[in-house]
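As a plain string of letters, each chain reads:
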There are 2 protein chains.
Amino acid sequence: MATTHEKPRSSTASTRSPAAPARRADAQRSIAAILDAAIESLSRNPDASVSEIAKTAGVGRVTVYGHFPNRADLVEAALTQAIDDGHAALDAVDLTGDPREALARLIDSSWQLVNQSRSLLIAAQDVLPPSKIRDLHAGPVKRVERLVERGRTEGAFRTDLPTSWLVSVMHSVMHSAADEITAGRLTPDKAADYITATVLPAFSPSEKR
Amino acid sequence: MATTHEKPRSSTASTRSPAAPARRADAQRSIAAILDAAIESLSRNPDASVSEIAKTAGVGRVTVYGHFPNRADLVEAALTQAIDDGHAALDAVDLTGDPREALARLIDSSWQLVNQSRSLLIAAQDVLPPSKIRDLHAGPVKRVERLVERGRTEGAFRTDLPTSWLVSVMHSVMHSAADEITAGRLTPDKAADYITATVLPAFSPSEKR
DNA sequence: CTCTTGTCGAACACCGGTGTACGAGTTAGT
DNA sequence: ACTAACTCGTACACCGGTGTTCGACAAGAG
């Protein structure tokens, strides 16, 4: 066995441990393939076996173990990859201007990401400690929190409920939409509209009364 | 092997297959114990083994297989039990009068039920086909749907989104609360209030604008 | 009291997934 | 072109859960 177990970083700026003997181009390719395959397989079935992942990566099962010490680490790496890919994608969204409209835009973009990789998340929850999951999600959550906070100070969003609760509600309504789609009661194209139509009123201040 | 595999029905009116040789008092006791244990164990850990369930039931693992052909059937029986126990409990809730207040009452009661047995549901989802799950939930869902429908015709609830969507949102916000509790960001006593405070505005008609 | 029904523990075969070991073959850096 | 890095398949030990069988024993129904 030649391969040394090093955490492969995502696309942007591979941070290698101190004196790294430099990975071969060959290896980098299979690592990328494995990671992609993991995301794909786990997104279809939360408890896909290592064999399945290896197969869809077009790689031997042993090769996988050559780069990741065990299944858990692989799942973690996959989730990390997926999350900060998404994180990068969301950077394109304009969050300035009216908080309500900004939120609508953010929801619209977030929705696809959540929809695609929600079963990957389930896979992760089976294997990783909750603390780790929360750490990985910290980035994306922060983004939403900041927007909500701004909306509150500007009077666009309600302040009688904690920010964390509001964020959680938005998150859960998106998951709800995903469930409705798999249940066949909702079509993907309408999803984003339904979500914003539901979340916005829930976020708004109590309107006199 | 003596025991005949018959689906044990919940408390109310045991429907036995045609010519049933009548089950012994002994057996009925252990079946009940097993069912309760299953609900309890699976609510703690979605993939509790048959051994664990048997142990908490104070019964041999073999005895379990004496009454349920396999793990899946046991899980199904447990879920069924839990659901129509809850169904019965919800019959006590007054759903007349102002739809908004009625909904608040319903949420308040439903919440505890959902909170207790949500991990049982997860267990079921691993083992049972989605169709079966939906069938089992049909009863409780109908109840909410009827209330929502009434609220719509009386102008208390919005009509620009499908009823099924609204019901699903309510469902998912409750699950969200459960997650927040396990995450330590929410205390159980505040949960019901947060849920209604969130769901009601989401259900209300668009208020001019 | 007797006989059927149920319970129990131990033991077993089976299955599928995980992680490791080996040896031969291939690929890419220099 | 040479060497170290990498990949592959097979094979193996291991583990834990499932479902079954057996034989002895307890308990309820008549």
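Predicted model, so just to flag it, every value in this text is computed and none were measured.

1. Observations regarding the interface of chain B and chain A
At step 1: Contact with chain B, which involves 26 residues of that partner, is made by 26 residues of chain A.
At step 2: At the boundary of chain B with chain A, total buried surface from both sides reaches about 2,200 Å², with 58% on carbon and sulfur atoms.
At step 3: When residues of chain B are sorted by the area they lose upon contact with chain A, Trp165(B), Tyr194(B) and Thr198(B) head the list and together hold 26% of the total.
At step 4: Viewed at the interface, chain A and chain B are joined by 0 salt bridges.
At step 5: Applying the counting rule to chain B against chain A returns 7 residue pairs in polar contact (both at pLDDT 80 or more).
At step 6: For the side of chain B that touches chain A, the secondary-structure elements that each account for two or more residues are α7 (163-182) and α8 (188-203) of chain B.
At step 7: At 9 residues, α7(B) tops the list of elements feeding residues into the side of chain B that touches chain A.

2. Points about the side chain of Thr198(A)
At step 1: Looking at where Thr198(A) falls in the secondary structure, it is placed in helix α8 (residues 188-203).
At step 2: For Thr198(A), the side chain forms a polar contact with the main-chain oxygen of Tyr194(A), separated by 2.7 Å.
At step 3: Polar contacts involving the side chain of Thr198(A) include one to the side chain of Trp165(B), which spans 2.8 Å.
At step 4: Ignoring sequence-local partners within four residues, the contact set of Thr198(A) consists of Arg158(B), Leu161(B), Trp165(B), Val169(B) and Ala202(B).

3. Quick look at the relation of the copies chain B and chain A
At step 1: Expressed as a screw operation, the relation of chain B to chain A combines 0.1 Å of axial shift with a rotation of 180 degrees, fitting to an RMSD of 0.1 Å. Taken together, the rotation angle and the small translation identify this as a two-fold axis. Across chain B, the rotation axis passes nearest the C-alpha of Ala202(B), at a separation of 2.5 Å.
At step 2: Interface residue correspondence from chain B to chain A reaches 100%, placing this contact among same-surface, isologous pairings.

4. Here's the deal with the nonpolar core
At step 1: Ranked by internal contacts, the top residues of the largest apolar core, which has 66 residues, are Trp165(A) and Trp165(B).
At step 2: Those elements that provide at least two residues to this core are α5 (99-127), α6 (130-153), α7 (163-182) and α8 of chain A together with α5 (99-127), α6 (130-153), α7 and α8 of chain B.
At step 3: In this structure, Trp165(A) is in contact with Val173(B), Ser176(B), Ala177(B), Glu180(B), Leu186(B), Tyr194(B), Ile195(B) and Thr198(B), ignoring residues within four places of it in sequence.

5. A short note on the pattern of salt bridges
At step 1: Within this structure, the stated rule accounts for 15 salt bridges over all chains.
At step 2: The salt bridge partner of Arg118(A) is Asp179(A), with a shortest N-O separation of 3.1 Å. With Arg118(A) in helix α5 and Asp179(A) in helix α7, this pair connects stretches of sequence that are 61 residues apart.
At step 3: With relative accessibility at 42%, the residue Asp179(A) sits in the partly exposed group.
At step 4: Arg44(B) is the salt-bridge partner of Glu40(B), the closest N and O atoms lying 3.4 Å from each other. Separated by 4 residues within a single helix, Glu40(B) and Arg44(B) lie in helix α1 (residues 25-44), roughly one turn from each other.

6. Thoughts on the protein's contact with DNA strand D
At step 1: DNA strand D sits among 23 residues. The nearest are Arg24(A), Ser30(A), Thr63(A), Arg61(B) and Arg71(B).
At step 2: For DNA strand D, the fraction of atoms within 4 Å of the protein that belong to sugar or phosphate moieties is 58%.
At step 3: Within the side chain of Thr63(A), one N or O atom sits 2.4 Å away from a phosphate oxygen of DNA strand D.
At step 4: Looking at the surface near DNA strand D, the elements with two or more residues in it are α1 (25-44) and α3 (61-67) of chain A together with α1 and α3 (61-67) of chain B.
At step 5: At 4 residues, α3(A) tops the list of elements feeding residues into the surface near DNA strand D.

7. Points about the protein's contact with DNA strand C
At step 1: The full set close to DNA strand C counts 25 residues, and Arg71(A), Arg24(B), Ser30(B), Thr63(B) and His67(B) are the nearest of them.
At step 2: For DNA strand C, the backbone portion of the atoms within 4 Å of the protein, that is sugar and phosphate, comes to 64%.
At step 3: Contact between DNA strand C and Tyr65(A): a phosphate oxygen at 3.3 Å from a side-chain N or O atom of the residue.
At step 4: Broken down by secondary-structure element, the contributors of at least two residues to the surface near DNA strand C are α1 and α3 of chain A together with α1 and α3 of chain B.
At step 5: Its residues placed into classes, the surface near DNA strand C shows 8 nonpolar, 8 polar and 9 charged.

8. Describing the packing of α1(A) against helix α4 (residues 71-90) of chain A
All names here are of chain A.
At step 1: Interhelical geometry of α1 versus α4 gives an angle of 90 degrees and a closest axis separation of 9 Å. Taken as axis vectors, α1 and α4 run roughly perpendicular relative to one another. From α1, Ile34, Leu35, Asp36, Ala38, Ile39 and Leu42 reach across to α4, where they touch Arg71, Leu74, Val75, Ala77, Ala78, Gln81 and Ala82.
At step 2: Among the residues forming the contact of α1 with α4, the class breakdown is 10 nonpolar, 1 polar and 2 charged.

What counts, and at which threshold
Residues numbered from 1 in each chain as written. Chains lettered and ligands numbered in written order. Predicted model: local features only at pLDDT ≥ 70, side-chain atom pairs only at ≥ 80, totals over all residues. Heavy atoms only, no water. Contact = heavy atoms within 4.5 Å. Buried area = accessible area lost by both parts, 1.4 Å probe. Salt bridge = Lys/Arg side-chain N within 4 Å of Asp/Glu carboxyl O. Polar contact = N/O pair within 3.5 Å; in protein donor to acceptor, adjacent residues only side chain to side chain. Helix = DSSP H or I, 4+ residues; strand = E, 2+ residues; numbered from the N terminus. Least-squares fit on C-alpha atoms with pLDDT ≥ 70 in both. Core = buried A, V, L, I, M, F, W, Y, C linked by side-chain atoms within 4.5 Å. Buried < 20%, exposed > 50% of the residue type's maximum accessible area, 1.4 Å probe, protein only. Near = heavy atom within 4 Å. Nonpolar A, V, L, I, M, F, W, Y, C, P; charged D, E, K, R; others polar. Axes fitted to C-alpha atoms, helices over the stretch in contact; angles between N-to-C directions. Parallel < 35°, antiparallel > 145°, perpendicular 65-115°, else oblique.

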